[in-house]
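Chain by chain, the residues:
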There are 2 protein chains.
Amino acid sequence: MEKDQQYCPIARTAIIIGSRWTAQIVRELIDHGPRRFQDFADAIEGIGPTTLSSRLKMLEEAGIVERHFYDEHPPRAHYVLTEKGHRMKDIIGAMRNWGNLYR
Amino acid sequence: MEKDQQYCPIARTAIIIGSRWTAQIVRELIDHGPRRFQDFADAIEGIGPTTLSSRLKMLEEAGIVERHFYDEHPPRAHYVLTEKGHRMKDIIGAMRNWGNLYR
DNA sequence: CTGTATCCGTTTCGATACTG
DNA sequence: CAGTATCGAAACGGATACAG
(Lines give C-alpha, C1' and ligand atoms only; values in the text may rest on other atoms or scores of the structure.)
Protein backbone atom coordinates (compact mmCIF):
# COMPACT_ATOMS: atom_id res chain seq x y z
CA MET A 1 0.00 0.00 0.00
CA GLU A 2 1.07 3.51 -0.52
CA LYS A 3 2.54 5.68 2.14
CA ASP A 4 0.31 8.71 2.01
CA GLN A 5 -2.65 8.80 4.31
CA GLN A 6 -6.01 7.45 3.45
CA TYR A 7 -8.82 9.68 4.56
CA CYS A 8 -11.59 7.20 3.99
CA PRO A 9 -12.08 5.25 7.21
CA ILE A 10 -12.95 2.12 5.30
CA ALA A 11 -9.84 2.39 3.19
CA ARG A 12 -7.71 2.91 6.26
CA THR A 13 -9.13 -0.18 7.87
CA ALA A 14 -8.75 -2.19 4.71
CA ILE A 15 -5.06 -1.39 4.49
CA ILE A 16 -4.49 -2.99 7.86
CA ILE A 17 -6.92 -5.85 7.88
CA GLY A 18 -6.39 -6.69 4.24
CA SER A 19 -2.68 -7.21 4.32
CA ARG A 20 -2.08 -10.89 4.11
CA TRP A 21 -2.07 -12.71 7.48
CA THR A 22 -2.94 -9.72 9.62
CA ALA A 23 -6.54 -10.73 10.16
CA GLN A 24 -5.40 -14.15 11.28
CA ILE A 25 -2.82 -12.70 13.63
CA VAL A 26 -5.42 -10.49 15.25
CA ARG A 27 -7.80 -13.38 15.46
CA GLU A 28 -5.25 -15.45 17.35
CA LEU A 29 -4.95 -12.68 19.89
CA ILE A 30 -8.69 -12.23 20.20
CA ASP A 31 -9.36 -15.94 20.54
CA HIS A 32 -6.47 -16.94 22.74
CA GLY A 33 -5.08 -13.85 24.44
CA PRO A 34 -1.39 -12.96 24.59
CA ARG A 35 0.75 -14.93 22.17
CA ARG A 36 4.42 -15.45 21.58
CA PHE A 37 6.23 -15.32 18.29
CA GLN A 38 6.36 -19.07 18.03
CA ASP A 39 2.68 -19.38 18.85
CA PHE A 40 1.78 -17.45 15.74
CA ALA A 41 4.25 -19.37 13.65
CA ASP A 42 2.70 -22.66 14.80
CA ALA A 43 -0.93 -21.62 14.53
CA ILE A 44 -0.86 -19.85 11.20
CA GLU A 45 0.06 -22.40 8.62
CA GLY A 46 2.24 -21.18 5.80
CA ILE A 47 3.59 -18.00 7.30
CA GLY A 48 7.36 -17.67 7.54
CA PRO A 49 9.38 -15.84 10.14
CA THR A 50 10.18 -12.95 7.84
CA THR A 51 6.60 -12.22 7.00
CA LEU A 52 5.39 -12.80 10.53
CA SER A 53 7.95 -10.40 11.85
CA SER A 54 6.99 -7.74 9.36
CA ARG A 55 3.29 -8.11 10.10
CA LEU A 56 3.77 -7.87 13.83
CA LYS A 57 5.81 -4.75 13.34
CA MET A 58 3.10 -3.25 11.17
CA LEU A 59 0.46 -4.01 13.76
CA GLU A 60 2.64 -2.57 16.47
CA GLU A 61 3.16 0.63 14.52
CA ALA A 62 -0.56 0.85 13.92
CA GLY A 63 -1.11 0.67 17.67
CA ILE A 64 -3.01 -2.57 17.49
CA VAL A 65 -0.60 -4.81 19.35
CA GLU A 66 1.97 -4.20 22.03
CA ARG A 67 5.22 -6.07 22.13
CA HIS A 68 6.81 -7.06 25.38
CA PHE A 69 10.30 -8.38 25.12
CA TYR A 70 12.32 -10.00 27.88
CA ASP A 71 15.97 -10.42 27.11
CA GLU A 72 16.49 -13.60 29.06
CA HIS A 73 17.90 -16.92 28.03
CA PRO A 74 16.13 -18.11 26.10
CA PRO A 75 14.58 -14.77 25.20
CA ARG A 76 10.86 -14.33 25.57
CA ALA A 77 8.45 -12.07 23.79
CA HIS A 78 4.76 -11.75 23.93
CA TYR A 79 2.27 -9.75 22.03
CA VAL A 80 -0.96 -8.41 23.43
CA LEU A 81 -3.83 -6.48 21.93
CA THR A 82 -4.19 -2.84 22.80
CA GLU A 83 -7.59 -1.35 23.38
CA LYS A 84 -7.56 -0.24 19.77
CA GLY A 85 -6.76 -3.77 18.72
CA HIS A 86 -9.43 -5.23 20.91
CA ARG A 87 -11.99 -3.07 19.21
CA MET A 88 -11.33 -4.88 15.97
CA LYS A 89 -13.29 -7.76 17.42
CA ASP A 90 -16.44 -6.74 15.58
CA ILE A 91 -14.63 -6.67 12.28
CA ILE A 92 -13.06 -10.06 12.77
CA GLY A 93 -16.38 -11.45 13.91
CA ALA A 94 -18.21 -10.13 10.88
CA MET A 95 -15.52 -11.48 8.60
CA ARG A 96 -15.73 -14.88 10.20
CA ASN A 97 -19.50 -15.00 9.94
CA TRP A 98 -19.51 -14.03 6.32
CA GLY A 99 -16.65 -16.32 5.43
CA ASN A 100 -18.47 -19.22 6.99
CA LEU A 101 -21.67 -18.57 5.09
CA TYR A 102 -20.08 -19.17 1.74
CA ARG A 103 -17.71 -22.05 2.04
CA MET B 1 -2.81 -13.39 -3.58
CA GLU B 2 -2.14 -16.96 -4.33
CA LYS B 3 -4.42 -19.17 -6.31
CA ASP B 4 -4.90 -22.10 -4.00
CA GLN B 5 -7.87 -21.99 -1.73
CA GLN B 6 -7.83 -20.56 1.69
CA TYR B 7 -9.64 -22.71 4.18
CA CYS B 8 -9.74 -20.20 6.96
CA PRO B 9 -12.95 -18.19 6.61
CA ILE B 10 -11.26 -15.06 7.88
CA ALA B 11 -8.43 -15.42 5.40
CA ARG B 12 -10.90 -15.93 2.57
CA THR B 13 -12.75 -12.79 3.52
CA ALA B 14 -9.54 -10.83 3.89
CA ILE B 15 -8.42 -11.72 0.39
CA ILE B 16 -11.52 -10.11 -1.02
CA ILE B 17 -12.07 -7.16 1.25
CA GLY B 18 -8.40 -6.41 1.59
CA SER B 19 -7.55 -5.95 -2.05
CA ARG B 20 -7.18 -2.28 -2.64
CA TRP B 21 -10.41 -0.44 -3.46
CA THR B 22 -12.75 -3.40 -3.08
CA ALA B 23 -14.14 -2.28 0.24
CA GLN B 24 -14.89 1.10 -1.22
CA ILE B 25 -16.55 -0.39 -4.27
CA VAL B 26 -18.81 -2.50 -2.11
CA ARG B 27 -19.55 0.48 0.07
CA GLU B 28 -20.68 2.47 -2.94
CA LEU B 29 -23.14 -0.29 -3.78
CA ILE B 30 -24.38 -0.60 -0.23
CA ASP B 31 -24.80 3.13 0.23
CA HIS B 32 -26.17 4.06 -3.16
CA GLY B 33 -27.55 0.97 -4.84
CA PRO B 34 -26.79 -0.07 -8.43
CA ARG B 35 -23.88 1.79 -9.95
CA ARG B 36 -22.38 2.15 -13.37
CA PHE B 37 -18.73 1.94 -14.32
CA GLN B 38 -18.39 5.67 -14.50
CA ASP B 39 -20.10 6.14 -11.15
CA PHE B 40 -17.35 4.21 -9.45
CA ALA B 41 -14.68 6.01 -11.38
CA ASP B 42 -16.11 9.35 -10.28
CA ALA B 43 -16.79 8.46 -6.67
CA ILE B 44 -13.57 6.68 -5.84
CA GLU B 45 -10.81 9.18 -6.24
CA GLY B 46 -7.56 7.85 -7.58
CA ILE B 47 -8.71 4.59 -9.10
CA GLY B 48 -7.97 4.07 -12.79
CA PRO B 49 -10.01 2.16 -15.31
CA THR B 50 -7.66 -0.80 -15.37
CA THR B 51 -7.79 -1.34 -11.67
CA LEU B 52 -11.50 -0.66 -11.44
CA SER B 53 -12.17 -3.16 -14.16
CA SER B 54 -10.08 -5.80 -12.51
CA ARG B 55 -11.70 -5.27 -9.12
CA LEU B 56 -15.20 -5.48 -10.54
CA LYS B 57 -14.28 -8.69 -12.28
CA MET B 58 -12.89 -10.10 -9.08
CA LEU B 59 -16.05 -9.20 -7.20
CA GLU B 60 -18.15 -10.70 -9.95
CA GLU B 61 -16.22 -13.94 -9.86
CA ALA B 62 -16.57 -14.04 -6.11
CA GLY B 63 -20.33 -13.78 -6.52
CA ILE B 64 -20.55 -10.48 -4.74
CA VAL B 65 -21.71 -8.32 -7.61
CA GLU B 66 -23.68 -8.98 -10.74
CA ARG B 67 -22.89 -7.23 -13.97
CA HIS B 68 -25.61 -6.26 -16.38
CA PHE B 69 -24.44 -5.09 -19.72
CA TYR B 70 -26.52 -3.50 -22.44
CA ASP B 71 -24.82 -3.27 -25.78
CA GLU B 72 -26.47 -0.08 -26.90
CA HIS B 73 -25.05 3.16 -28.15
CA PRO B 74 -23.63 4.38 -25.99
CA PRO B 75 -23.23 1.13 -24.11
CA ARG B 76 -24.56 0.86 -20.60
CA ALA B 77 -23.54 -1.33 -17.72
CA HIS B 78 -24.63 -1.51 -14.18
CA TYR B 79 -23.49 -3.44 -11.22
CA VAL B 80 -25.68 -4.65 -8.40
CA LEU B 81 -24.98 -6.47 -5.19
CA THR B 82 -25.99 -10.09 -4.93
CA GLU B 83 -27.42 -11.45 -1.73
CA LYS B 84 -23.94 -12.61 -0.84
CA GLY B 85 -22.66 -9.14 -1.47
CA HIS B 86 -25.37 -7.55 0.55
CA ARG B 87 -24.39 -9.66 3.50
CA MET B 88 -21.04 -7.91 3.59
CA LYS B 89 -22.85 -4.96 5.07
CA ASP B 90 -21.87 -5.93 8.59
CA ILE B 91 -18.22 -6.15 7.65
CA ILE B 92 -18.23 -2.77 5.96
CA GLY B 93 -20.11 -1.28 8.85
CA ALA B 94 -17.66 -2.63 11.41
CA MET B 95 -14.75 -1.40 9.32
CA ARG B 96 -16.27 2.05 9.07
CA ASN B 97 -16.94 2.25 12.79
CA TRP B 98 -13.44 1.21 13.71
CA GLY B 99 -11.84 3.43 11.12
CA ASN B 100 -13.73 6.39 12.46
CA LEU B 101 -12.67 5.78 16.04
CA TYR B 102 -9.01 6.26 15.26
CA ARG B 103 -8.73 9.09 12.85
C1' DC C 1 -19.75 5.04 -22.31
C1' DT C 2 -17.44 0.84 -21.02
C1' DG C 3 -14.05 -1.10 -20.90
C1' DT C 4 -9.18 -3.67 -22.81
C1' DA C 5 -4.06 -3.67 -24.23
C1' DT C 6 0.41 -2.42 -23.11
C1' DC C 7 3.99 -1.87 -20.41
C1' DC C 8 6.64 -1.50 -16.48
C1' DG C 9 7.94 0.23 -11.77
C1' DT C 10 6.76 -0.97 -6.98
C1' DT C 11 5.58 -3.90 -3.47
C1' DT C 12 5.15 -8.11 -1.48
C1' DC C 13 6.31 -12.70 -0.49
C1' DG C 14 8.84 -16.14 1.35
C1' DA C 15 12.63 -19.93 1.60
C1' DT C 16 16.78 -20.40 3.66
C1' DA C 17 20.43 -19.49 6.52
C1' DC C 18 22.15 -17.25 10.30
C1' DT C 19 22.79 -14.26 14.91
C1' DG C 20 22.39 -13.22 19.95
C1' DC D 1 13.45 -18.71 21.44
C1' DA D 2 13.03 -14.67 18.73
C1' DG D 3 13.93 -12.83 15.38
C1' DT D 4 17.18 -10.51 11.05
C1' DA D 5 19.75 -10.80 6.45
C1' DT D 6 19.60 -11.80 1.78
C1' DC D 7 17.81 -11.90 -2.45
C1' DG D 8 15.21 -13.45 -6.31
C1' DA D 9 10.32 -14.49 -7.90
C1' DA D 10 5.82 -13.20 -8.33
C1' DA D 11 1.91 -10.40 -7.81
C1' DC D 12 0.06 -5.92 -7.82
C1' DG D 13 -0.84 -1.37 -9.27
C1' DG D 14 -1.51 2.20 -12.41
C1' DA D 15 -0.80 5.68 -16.39
C1' DT D 16 -1.81 6.04 -20.99
C1' DA D 17 -3.65 4.98 -25.27
C1' DC D 18 -6.96 2.87 -27.76
C1' DA D 19 -11.23 -0.08 -29.38
C1' DG D 20 -16.23 -1.18 -30.00
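Described in the following lines is the structure provided in the data block. Since this is a predicted model, take the numbers as computed values, not measurements.

Right, let's talk about helix H6 (residues 89-101) of chain A for a bit. Side chains three or four residues apart in an α-helix point the same way, a direct result of the helix having 3.6 residues per turn. If you check H6 of chain A, its first and last C-alpha atoms are 18 Å apart, about what 13 residues at 1.5 Å a residue would give, namely 18 Å. Where H6 of chain A is concerned, the buried positions are Ile91, Ile92, Ala94, Met95, Trp98 and Gly99 of chain A. Buried residues in H6 of chain A, looked at end-on, bunch into an arc of 165°, giving them a common side. Projecting away from the buried face of H6 of chain A at angles above 90 degrees are the exposed residues Asp90 and Asn97 of chain A. On the buried face of H6 of chain A, the contacting elements are helix H1 (9-18) and helix H2 (22-32) of chain A together with helix H1 (9-18), helix H5 (83-86) and helix H6 (89-101) of chain B.

Let us now look at the pattern of salt bridges. Residue and element names in this part refer to chain A. Within this structure, the stated rule accounts for eight salt bridges over all chains. Arginine 27 is the salt-bridge partner of glutamate 28, the closest N and O atoms lying 3.4 Å from each other. There is no split in this pair, since glutamate 28 and arginine 27 are both buried.

The next point concerns the interface of chain A and chain B. Across the boundary between the two partners, chain A contributes 34 residues, which contact 34 residues of chain B. Here chain A packs against chain B, burying approximately 3,100 Å² in sum over the two surfaces, 68% of which is carbon and sulfur. When residues of chain A are sorted by the area they lose upon contact with chain B, Ile10, Arg20 and Trp98 of chain A head the list and together hold 24% of the total. For the pair chain A and chain B, the number of links is zero salt bridges. At the boundary of chain A with chain B, the tally comes to 10 residue pairs in polar contact (both at pLDDT 80 or more). For the side of chain A that touches chain B, the secondary-structure elements that each account for two or more residues are H1, H2, helix H5 (83-86) and H6 of chain A. Among the elements that line the side of chain A that touches chain B, the one with the most residues is H6 of chain A, at 10 residues. Here the residues of the side of chain A that touches chain B are counted per class, giving 18 nonpolar, six polar and 10 charged.

Definitions and limits used
Residues numbered from 1 in each chain as written. Chains lettered and ligands numbered in written order. Predicted model: local features only at pLDDT ≥ 70, side-chain atom pairs only at ≥ 80, totals over all residues. Heavy atoms only, no water. Helix = DSSP H or I, 4+ residues; strand = E, 2+ residues; numbered from the N terminus. Expected span 1.5 Å × (residues − 1). Buried < 20%, exposed > 50% of the residue type's maximum accessible area, 1.4 Å probe, protein only. Arc of directions from axis to C-beta. Contact = heavy atoms within 4.5 Å. Salt bridge = Lys/Arg side-chain N within 4 Å of Asp/Glu carboxyl O. Buried area = accessible area lost by both parts, 1.4 Å probe. Polar contact = N/O pair within 3.5 Å; in protein donor to acceptor, adjacent residues only side chain to side chain. Nonpolar A, V, L, I, M, F, W, Y, C, P; charged D, E, K, R; others polar.

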